[in-house]
Amino acid sequence: MNKPPAPFDDTIEDRPFDSLLAERYLAYALSTITQRALPDVRDGLKPVHRRLLYAMRQLRLDPQSGFKKCARVVGDVIGKYHPHGEQAVYDAMVRLAQDFAVRYPLVDGQGNFGNVDGDNPAAMRYTEARLTAVAEALLGGIDEDTVDFRATYDGEEEEPEVLPAAFPNLLANGATGIAVGMATSIPPHNADELCAALLHLIADPDATDDALFQLIPGPDFPTGGVIVEPAAAIRDAYATGRGGFRLRARWEKEDAGRGIWRIVVTEVPYQVPKARLVERLAELIETRKVPALGDVRDESTEDVRLVLEPRSRTVEPEMLMEQLFRLTDLETRIPLNLTVLDARRVPRTMSLAQALRAFLDHRKVVLVRRSRFRLGKIEARLEILDGLLKAYLNLDEVIRIIREADEPKPELMRAFGLTETQAEAILNMRLRSLRRIEEIEITKEHKALETECKGLNQLLRSDVKQMERIGAEIADIRKAFGKDTPLGRRRSDFAEAPTVADITPEQLIAREPVTVVCSEKGWIRALKGHIDPNTEVKYKEGDRARFLLHAQTTDRLLLFATSGRFYTLGCDKLPGGRGQGEAVRLLIDLPNDHDIVALRVFEPGKRLLVAASDGRGFLVPTDEVLAQTRAGKQVLNPGPGAEAQVCAPGEGDLIAMAGNNRKLLIFPAADLPEMARGRGNILQKYKDGGLADAKVFARAEGLTWRDGAGRVQTVADFSDWLGARGQAGRVAPRGFPKSNRFG
C-alpha cells in the first residue's frame, strides 16, 4: 500500500523575506560576475567566448582547414556548452571575427560579418568561420593536461575552465562588461609591446610601473586614431587600473587647387559607427552649429574616407577640427577599468603590472602541467621500449613461449621480469617488427626519450629554466604577431591636443559680413553682406524695422532688456535672411512682459552707459555684461515702478541727460562711477515724468542729435546746460527733437 504524501504545510519554510531576497540576489550577482561580465585574467575570455573557441576546435576548424557554417558552430555551442539564446552566441562570435572591433581577431569569418558603419551581419546560415592563428595559440596544448576541465551544464560533456593562452589576449584584445555592482573596460593593446613588457618582467621581476610604461605607451585600437591623453595620465591609469584615454580621428588637409582645401578623415575612433558620425556632422551643418562646415561626404570603400568641405577657405582647418572634436564623436574617451577574475575566480581591479604578472604565473602553471604530462607519456613509452629491448635480446625464447604456452602473457612476465604493459606490447608486435633495423630504431628512440626525460626533470626542478622556456615561447609569439607583421604593426599614434584656451570663437567661425535686422516685434535675422540702411527690407504684416546693424559672423551681439538684463547672441547662430527670421525670445530667455531696449555689437574693452526710467544709472565695462547662458546677466536693477531705458556707448568725457519734461542736463562723465552691477546713482531729477534719453559725448566734438528730418544738428556751445550730476537741468534748446531723444 502506497504511503500518503506529506501534508503541504510540512514543505513550507518560514524565513524573513529580506534575508531570502538578499540570498537570491547575491547568487544572481555572483553568477553574472563570474559567468557573463568579467573576463579571466589568464586567457582574457568570458565563458561564451571560451566555449565558442573550444567548440570550433572540437569541430577541427583550425586555420589550415576549410570553413564551416556558423550555424553549425552556434548549434554545437548552445547544445553542448552554453545553454543560452543562439542570437547572443552568434553576436559574440561575430564580434570575434570583426577586425574593426577586435585588435587580433580570434575567428576567421567568410561572408558578411558587419562593417564599421554599424550595419548588421548576415544571418548565421549564410556565414562561415574557422579559427585564426591567434585563437590557435590560445588553445595550444589544451589536450596535454595544461588546464582543468569541468562538466558541462548537462553533465554529458566536459569544457575547459580556462585556456592555456600562449597569447596575452586580455590586454591585446581588451574586454568590456557590466556586472552587478562592478564593470570592466579594458582597451586593446599592441601584442609586440606586451611581449616586450613580459620579457622585461621575466628578466626583472621587480620592474617598476614606469619601466613598463616605457614599453607600453598606451592602447592600440583596431581602427587606428590618435591618442591625445597626456602621458602622465596614462601612466597613472596603468598604475591604478582605472582611468581613460582621449582618442581622436586621424585626418589630413587635402589641397584642391586655387586655394581651395578640404579635410579628409581616414580613421574614426574605436567603436564609433561611421554612419552615425556622418549623420551627426550633417545635423551640425543643417542647424548651423558649426557655421564653418559646409558639407560632408562619405567616400569610403574598404578604407575610411570622410570628406569635410569648409564653407570658407579663410577658416583654419585645425580650428575647424577642434570644434568638431568637441561636438561630435570624432573624439571619444575610452575608459580603463581593469577589473577581472583572478586565478582563484575572485573579482579584482589590477594594475597593468599585476595583469602581466598574472599572465606569466598562468604560463608557468601551464608549462609545469604540460611538462609533467609529457614526462608521464615518456615514462610510459620507456616502459614499453624497455620490454621490447628485452624481447630482442631473447628473441628465440620469446617466440618459443608465444608458440607453445597456452597463456603466453604471464609466462613472458615470469621469464623476463616484464610488467603487464610490456608483455602486452610484445604480444602486439607485428612480425615485420622483428627486423634488425627496428631494433636499432627502438634503441635510438629509447635514448632520445631518456635525454628528453632528463631535461624535463631539470626543467621542473628549476624556476630559472621555467622562466627561460616561457620567455622563449613569448619571443615566438612576438615574432609571429610582432610589429613587422601586417597584423601586428601599431595602428594608433600619440599626439598632444591643443588646450581650449588656445582656440578663440572667432577662429572657429568663417568671418563673413552680415546685416542684423531686428523688427519692432522682436523678429531677428542675419542678411548676407552689409546692406545699405535705406534698402527695403520686408517684415511680417503689422511689423516694422527697429534695429539694423552691420556686423561679422564672428561678432557677438549685446541685447539689453527693460528688466536691466543683458543677453548675448552669436551672429553665426542667427537665422538666415531668406525668411522672416525667428522670434528673439526663442533664442534667449526674455520674458514676455519685458521688451528690448538696445541691440548692439559687442566691442571688448569699451564702456556702456545704462540708465533706468527713474533717472538712475552708471557706466559698465562691456566685458562685464557678456552672458554665458540663455538666461542672460542682470546688470542694472531698476527701482520700484521703473524699467531700463537707456543703453548707450560710454566713450567720452561728458554725459547728456534728456527728460520727458524736455529738461536737458550735461555733467562730466568723471562724476559717474563705473560699476559692474547695481541700481546706480542719480543722473537727473524730475518732478514730472522720467528719463527719455542719455548719451556720452566728447566735449571737443560738441553735442549732436538727429532732428525730425533725419539731419544731424551739432551744438558747440552748451555751457548753459552744464551742471552737476543729479540736478534737474534746463529746458532744451530750440530745435531739440520733440521725442526728447538724441536719435
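Provided above is the structure to which this section pertains.
Read on for a plain summary of the structure. (Residues numbered from 1 in each chain as written. Predicted model: local features only at pLDDT ≥ 70, side-chain atom pairs only at ≥ 80, totals over all residues. Heavy atoms only, no water.)

Focus: the pattern of salt bridges
Here is step 1: Within the structure shown, the criterion is met by 49 salt bridges.
Here is step 2: Across the pair E229 and R333 runs a salt bridge whose closest N-O atoms are separated by 3.2 Å. Taken together, the residues E229 in the loop between β8 (226-227) and α9 (231-240) and R333 in strand β14 (residues 331-337) connect sequence positions 104 residues apart.
Here is step 3: What makes E229 buried here is its relative accessible area of 11%.
Here is step 4: In this structure, E404 engages R400 in a salt bridge whose closest nitrogen and oxygen atoms are separated by 2.9 Å. With E404 and R400 both in helix α13 (residues 395-404), this residue pair falls 4 residues apart, about one helical turn.
Here is step 5: Three or more residues are tied together by salt bridges with common partners; here these are E254, R262, R297, E299, R305 and E309. (Salt bridge = Lys/Arg side-chain N within 4 Å of Asp/Glu carboxyl O. Helix = DSSP H or I, 4+ residues; strand = E, 2+ residues; numbered from the N terminus. Buried < 20%, exposed > 50% of the residue type's maximum accessible area, 1.4 Å probe, protein only.)

Looking at the nonpolar core
Here is step 1: Grouped together as the largest cluster of nonpolar side chains are 99 residues, with contacts concentrated most on L53, M93, F167 and L356.
Here is step 2: It is helix α12 (residues 352-393) that provides the largest number of residues to this core, a total of 16 residues.
Here is step 3: Non-local contacts of F167, meaning those with residues more than four positions away in its chain, are made with Y104, V134, A137, L138, A172, A191, F359, I477 and F481.
Here is step 4: Ranked by size, the runner-up nonpolar core spans 24 residues in total, among them W261, L281, L284 and V296. (Core = buried A, V, L, I, M, F, W, Y, C linked by side-chain atoms within 4.5 Å. Contact = heavy atoms within 4.5 Å.)

Some points on the sheet that holds strand β18 (residues 513-519)
Here is step 1: The sheet built from 4 strands is open, its strands ordered β20-β18-β19-β23 with antiparallel pairing. Edge positions in the open sheet fall to β20 (545-552) and β23 (582-583), since each of these has one partner strand only.
Here is step 2: Two strands pair when backbone bridges link them, and β18 and β20 are joined in this way by 7 bridges, in the antiparallel orientation. When the bridges of β20 are listed, S519 appears paired with A545. (Pairing = 2+ DSSP bridges.)

Observations regarding the packing of α12 against helix α15 (residues 420-427)
Here is step 1: The contact between α12 and α15 brings their axes to 8 Å, and the two run at 60 degrees. When the interaxial angle is binned, α12 and α15 end up oblique. Considering only the axes of α12 and α15, their crossing is right-handed. The segment α12 lies against α15, with E383, I384, D386, G387, L388 and A391 engaging T421, Q422, A425 and I426.
Here is step 2: Split into classes, the residues belonging to the contact of α12 with α15 amount to 5 nonpolar, 3 polar and 2 charged. (Axes fitted to C-alpha atoms, helices over the stretch in contact; angles between N-to-C directions. Parallel < 35°, antiparallel > 145°, perpendicular 65-115°, else oblique. Left-handed = near helix turned anticlockwise from the far one by under 90°. Nonpolar A, V, L, I, M, F, W, Y, C, P; charged D, E, K, R; others polar.)

Here's the deal with the pairing of strand β13 (residues 306-310)
Here is step 1: Here β13 lies mainly inside the structure; 5 of its 5 residues are buried.
Here is step 2: As judged from the 3 bridges shared by strand β11 (residues 260-267) and β13, these two strands associate in the antiparallel manner. Across the sheet, V265 pairs through a bridge with L306, a residue of β13.
Here is step 3: Note: strand β12 (residues 293-298) against β13, 5 bridges, orientation antiparallel. For D295, the partnering residue across the bridge sits in β13 and is E309.

Some thoughts on the sheet that holds strand β28 (residues 644-649)
Here is step 1: Strand order in this open sheet of 4 strands is β28-β25-β26-β31, and the pairing throughout is antiparallel. The open sheet has two free edges, formed respectively by β28 and β31 (681-682), since each of these has just one partner strand.
Here is step 2: Pairing analysis gives 2 bridges linking strand β26 (residues 616-621) to β31, with the strands arranged antiparallel. Residue pairing across strands places R616 opposite I682, the latter belonging to β31.

Section: the packing of aromatic side chains
Where two aromatic rings form a pair, the distance of their centres and the angle of their planes describe that pair.
Here is step 1: As enumerated under the stated definition, the model contains 10 aromatic pairs in all.
Here is step 2: An angle of 50 degrees between the planes, with centres 5.9 Å apart, marks the rings of Y238 and F245 as tilted.
Here is step 3: Given the relative accessible area of 0%, F245 is considered buried.
Here is step 4: Each ring, one from F736 and one from F742, has its centre 5.5 Å from the other, and the planes form 80 degrees; the classification is edge-to-face. (Phe/Tyr/Trp six-rings, centres within 6.5 Å; stacked < 30°, edge-to-face > 60°.)

Concerning the side chain of R42
Here is step 1: Mapped onto the elements of the fold, R42 is located in the loop between α1 (17-37) and α2 (47-58).
Here is step 2: When its relative accessible area of 15% is taken as the criterion, R42 is described as buried.
Here is step 3: Excluding residues within four positions of it along the chain, R42 makes contact with V162, A165, A343, R345, F359 and H362.

Remarks on the side chain of D543
Here is step 1: With respect to the secondary-structure elements, D543 resides in the loop between β19 (523-528) and β20.
Here is step 2: Nearest to the buried, unbridged D543 among oppositely charged side chains is K521, at 5.7 Å.
Here is step 3: Non-local contacts of D543, meaning those with residues more than four positions away in its chain, are made with S519, E520, K521 and W523. (Lys, Arg positive; Asp, Glu negative; His and termini not counted.)

Topic: unusual backbone geometry
Here is step 1: A positive phi angle, close to 65 degrees, is found at Q271, a residue other than glycine.
Here is step 2: You can see Q271 is positioned in the loop between β11 and α10 (274-287).
Here is step 3: You can call Q271 partly exposed: its relative accessible area is 48%.
Here is step 4: The backbone of R345 shows a phi angle near 65 degrees, a positive value even though the residue is not glycine.
Here is step 5: Mapped onto the elements, R345 comes out in the loop between β15 (339-341) and β16 (347-349).

Comments concerning the environment of V107
Here is step 1: Within the secondary structure, V107 sits in strand β2 (residues 107-110).
Here is step 2: In this structure the C-alpha to C-alpha distance between V107 and A129, which are 22 residues apart in sequence, comes to 6.5 Å.
Here is step 3: If we ignore the near neighbours within four places in the chain, the residues touching V107 are M56, M93, L96, A97, A129, R130 and T132.

Quick notes on the environment of V366
Here is step 1: Residue position: V366 is located in helix α12.
Here is step 2: On the basis of relative accessible area, V366 is assigned to the buried category, the value being 1%.
Here is step 3: Separated by 85 residues in sequence, V366 and L281 have C-alpha atoms that sit 51 Å apart.
Here is step 4: V366 has contacts with T146 and P164, leaving out every residue within four places of it along the chain.

Brief notes about the packing of helix α7 (residues 191-203) against helix α17 (residues 463-481)
The axes of two packed helices give the description: the angle between them and the distance between them.
Here is step 1: Remark: α7 packs on α17, axes separated minimally by 9 Å, with the N-to-C direction vectors making an angle of 165 degrees. Between α7 and α17, the interaxial angle falls into the category roughly antiparallel. Crossing hand, α7 versus α17: left-handed. Contacts between α7 and α17 involve A191, D192, C195, A196, L198, L199 and I202 on the former and, on the latter, M467, I470, G471, I474, I477, R478 and F481.
Here is step 2: Residues that form the contact of α7 with α17 fall into these classes: 11 nonpolar, 1 polar and 2 charged.

Some points on a positive patch on the surface
Here is step 1: A cluster of basic side chains, namely R288, R311, K528 and R578, defines a positive patch on the protein surface.
Here is step 2: Summarising the element assignment, R288 is placed in the loop between α10 and β12. (Patch = residues over 30% accessible without salt bridge, like charges linked within 9 Å, V, L, I, M, F, W, Y side chains within 5 Å. Areas by Shrake-Rupley, 256 points an atom, 1.4 Å probe, with all protein chains shown as cover. Charge placed at Lys NZ, Arg CZ, Asp CG, Glu CD.)

Regarding helix α3 (residues 70-81)
Here is step 1: Compared with an ideal rise of 1.5 Å per residue, which puts 12 residues at 16 Å, α3 spans 16 Å between its outermost C-alpha atoms and is within 8% of the ideal.
Here is step 2: Buried within α3 are the following residues: C70, V73, V74, D76, V77 and Y81. Viewed along the axis of α3, the buried residues span an arc of 160 degrees, placing them on a single side of the element.
Here is step 3: Next to the buried residues of α3 lie α2, β1 (68-69), α4 (86-97), β3 (128-131) and β5 (158-160). (Expected span 1.5 Å × (residues − 1). Arc of directions from axis to C-beta.)

These results come straight from atomic positions and should not be treated as a statement about function.
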